[in-house]
Amino acid sequence: SFPVTGGVCGIPSTAIAVSVNLTVAQPAAAGSLTLYPGDAASPPTVSSINFAAGVVLTNNAIVLLATNGGTINVKNRSAGALHFVLDANGYFQ
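Since the model is a prediction, treat every value here as computed from it, not as a measurement.

1. Here's the deal with the confidence of the model for the protein
- The predicted model of the protein averages 95 in pLDDT, with 100% of residues at 70 or higher.
- Confidence, expressed as mean pLDDT per element, reaches its minimum in the protein at strand S1 (residues 2-3) with 91 and its maximum at strand S4 (residues 49-51) with 98.

In structure tokens:
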């Protein structure tokens, strides 16, 4: 779970969603990442980015924020480790 409001990433605590760029680097295995609100009961079945092993990929998304603290969860649906970069570039109120 990653905090993105309240001064973090320049996003105010009044934001309800964020615009992000997501980069996956050095994935050991194929898979997907799903971004979703930090207070959701479970991750949705849709992915935010799909990737193959060893391939660097970037995608953008609009993600709703948790209503109890402005967080985003990231679910790794890959059998391997990876690095990812989450770059918030805007918000919605």
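Right, picking up where we left off after that structure.
2. Focus on a nonpolar patch on the surface
- Taken together, the side chains of Ile-16, Ile-62 and Phe-92 present a nonpolar region at the surface, about 310 Å² in accessible area.
- For Ile-16, the location among the structural elements is in the loop between S1 and strand S2 (17-25).
- Of the residues examined, Ile-16 reaches a relative accessible area of 49% and is grouped as partly exposed.

3. Thoughts on the pairing of strand S6 (residues 71-76)
- Where S1 lies against S6, two bridges are found, and the strand directions are antiparallel. By the bridge assignment for S6, Phe-2 is matched with Ile-72.
- Pairing of strand S3 (residues 31-37) with S6 involves five bridges; the strand directions are antiparallel. What sits directly across from Leu-35, in S6, is Val-74.

Here is what the cut-offs are and how they apply
- Residues numbered from 1 in each chain as written.
- Predicted model: local features only at pLDDT ≥ 70, side-chain atom pairs only at ≥ 80, totals over all residues.
- Heavy atoms only, no water.
- pLDDT = per-residue confidence, 0-100.
- Helix = DSSP H or I, 4+ residues; strand = E, 2+ residues; numbered from the N terminus.
- Patch = residues over 30% accessible without salt bridge, like charges linked within 9 Å, V, L, I, M, F, W, Y side chains within 5 Å.
- Areas by Shrake-Rupley, 256 points an atom, 1.4 Å probe, with all protein chains shown as cover.
- Salt bridge = Lys/Arg side-chain N within 4 Å of Asp/Glu carboxyl O.
- Buried < 20%, exposed > 50% of the residue type's maximum accessible area, 1.4 Å probe, protein only.
- Pairing = 2+ DSSP bridges.

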